[in-house]
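Coordinate analysis (summary)
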Amino acid sequence: MKTESRLEKVLSAGHFAVTAECGPPRGADVSSVEKKGRTLLGCVDAVNVTDNQTAIVRMSSVAACSILKGLGHEPILQMVTRDRNRIALQSDLFGAFALGVCNVLCLTGDHQCFGNQKEAVGVFDLDSIQLVKTVRDMREQGTMIGGTEIQVAPKMFIGAAANPFADPPEWRVVRLAKKVQAGADFIQTQSIFNLDRFEQFMTRARDLGLTEKVSILAGVTPLKSVGMARYMATKVAGMDVPEETINRMAAAPKDKQADEGIRIAVETIQKVREIKGVAGVHLMAIEWEEKVPEILKAAGIPQRAHV
Amino acid sequence: MIVAEIKEIAEIRQMIDRYSSILVVGCDSCVAECAAGGNRETMLLAAALKLSYRKDNKDPVITESCLDRQCVDDFIERIAHLVPEHEAILSLGCGAGVQALARVYSDKPIIPALDTLFIGETEMRGVWQENCLGCGKCKLGYFGAVCPVTRCSKKLMNGPCGGSKGGRCEVREDIPCGWDMIMRRLESLGELDRLEEYVPPVDWSTSHSGGPRRVVREDQKP
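Residues numbered from 1 in each chain as written. Chains lettered and ligands numbered in written order. Predicted model: local features only at pLDDT ≥ 70, side-chain atom pairs only at ≥ 80, totals over all residues.

**Digging into the overall build of chain B**
Scanning chain B from N- to C-terminus turns up seven helices and seven strands. Across chain B, helices and strands are ordered from the amino to the carboxyl terminus as β-α-β-α-α-β-α-β-α-β-β-β-α-α. If you line up chain B on its principal axes, its C-alpha atoms span 65 × 45 × 25 Å. In chain B, which comprises 222 residues, the proportion classed as buried is 37%. Put simply, of all contacts in chain B between residues at least 6 apart along the chain, 56% involve residues at least 24 apart. (Helix = DSSP H or I, 4+ residues; strand = E, 2+ residues; numbered from the N terminus. Buried ≥ 20, exposed ≤ 12 C-beta atoms within 10 Å, placed from the backbone. Contact = placed C-beta atoms within 7 Å.)

**Some points on the confidence of the model for chain B**
Of the residues in chain B, 100% reach a pLDDT of 70 or more, and the chain-wide mean stands at 97. Among the scores for the predicted complex, ipTM is 0.93 and pTM is 0.95. (pLDDT = per-residue confidence, 0-100.)

**Some details on helix α3 (residues 39-55) of chain B**
Residue and element names in this part refer to chain B. Compared with the 24 Å implied by 1.5 Å per residue over 17 residues, the 25 Å span of α3 between its first and last C-alpha is a close match. Those residues of α3 that fall on the buried side of the exposure criterion are E41, T42, L45, A46 and L49. Taken around the axis of α3, the buried residues stretch over an arc of 135 degrees, which confines them to a single face. With respect to the buried face of α3, the exposed residues turned more than 90 degrees away are L51, R54 and K55. (Expected span 1.5 Å × (residues − 1). Arc of directions from axis to C-beta.)

**Observations concerning the domain arrangement of chain B**
The accessible area lost on association of the parts is a frequent measure of interface size. Taken domain by domain, chain B holds domain 1 (2-118) and domain 2 (133-209). Taking only C-alpha atoms into account, the centre of domain 1 of chain B sits 37 Å from that of domain 2 of chain B. (Domains from an automatic or database assignment.)

**Some details on the pairing of strand β8 (residues 278-283) of chain A**
Residues and elements named next belong to chain A. For β8, the buried fraction is high: five of the six residues fall into the buried class. Note that strand β1 (residues 17-22) and β8 share four bridges and pair parallel. Each bridged residue has a counterpart across the sheet, and for A20 the counterpart in β8 is L283. Taken together, the five bridges between strand β7 (residues 215-220) and β8 define a ladder with parallel strand orientation. For G219, the partnering residue across the bridge sits in β8 and is H282. (Pairing = 2+ DSSP bridges.)

**Considering unusual backbone geometry**
A cis amide bond links D167(A) with the next residue in sequence, P168(A), at an omega value of -15 degrees. Structurally, P168(A) is set in the loop between β5 (157-162) and α6 (169-182). With omega at 0 degrees, the peptide bond leading from G159(B) into P160(B) counts as cis. The residue P160(B) is located in the loop between α6 (148-151) and α7 (178-189) in this model. Positive phi, normally seen in glycine, also occurs at V152(A), with a value near 60 degrees. Residue A145(B) is not a glycine yet carries a positive backbone phi of 60 degrees.

Set out below in structure tokens:
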């Protein structure tokens, strides 16, 4: 094992891994983090804690990770390079590891224009791939950027994102390969609604031998309503929600749309599970974390075994 | 060249209303090319100001003049005879021009009439595009002469990000994705292999992050 990560243990034992996203509150409300955390206990292997997602100010990911760790969760610290330079990023990696966090998901982050602080400077000192390499060098060489030795280097299990639906499609797998080469141990994908495109992506990844080197967790987001489906199709960066999915949501009566969204999510999990090279599933139930246990149960994913 | 845009008259007036005589000074270089502060725009601004003051029953002295370049002392000195008889100078130069005037005419208030935007090119008549951030370490040779620092909204070195869709940037529909441009250009040159290699973190110390930059060349000094 490279790290103390539970996620690493699950994946290297060949189990189908389950992770879920938990968005920190827009404030210092500890109880809301605990409430979301409690609903996910026992049904996921690790919890992703988002980092000011869509550039809206929220409780720091490091702090929320620590709270979830206290509940018995295995947190995955999401880190975007949008808001912090390499000094702050490395410092927070030390701090998070000191608090017992041993998984990190390295991201560039949505542009600040999407959030509620549109006038903010975009830092982007590093990009996500450079951050992956930074965490890897900490673990493997015990050094920070520039080569300075670290006293007690963080040993993190390293994640990165992949968006099979962004353009140009042929380049997506090359970028995935770059992330793997830079040190990514696991990949969590963008929410999958277009299964055909995801399968094409996985075929390319398998052809390049990438599924042998990295564990790919397929991203799934349950839709709450046809409005949400349309919003994600048109307003959310890097999303591909096919017309067919939108029509299916629209066909359901208003009070049954949430159930339909959950059914689509369940079917998606069952389908991605059959795709060769998919090592697990990553649920992003946005402000709907309480539905995760029900979705997993319906998809036939058993309670988490201790590893 | 430096690309700039002229400010609204109201904003300019807020800064100059306190003076009774104003020397309006254009710059016939970069900001003439982008139709913001050249000879023509200087005359137009002076006329617009006079009109605006007349409407308010005010009559400050407004004199216009245009320099070939506002950022070089040899040119700046050519308005020396006009400066003493005016209370303030309204500059249609870029930020560098404004500050050069302030250094040379150190006892005069120098007011900017332009918003300086970027280093760019005239893509076609009426369209100017930012394409250099002056990072101090040109990497264009590796990226098919498309600058990732400038043309990518996130300055990615190992792009494109997940927000690139149909060759457009996630920030705005009208921004072409810089990484899409880089890939297309390298593809047409048969050099796509350049992008498979990991690009390490940028050394930003050569950019403005290292503090205001200054070039000193002994061989060029008088």
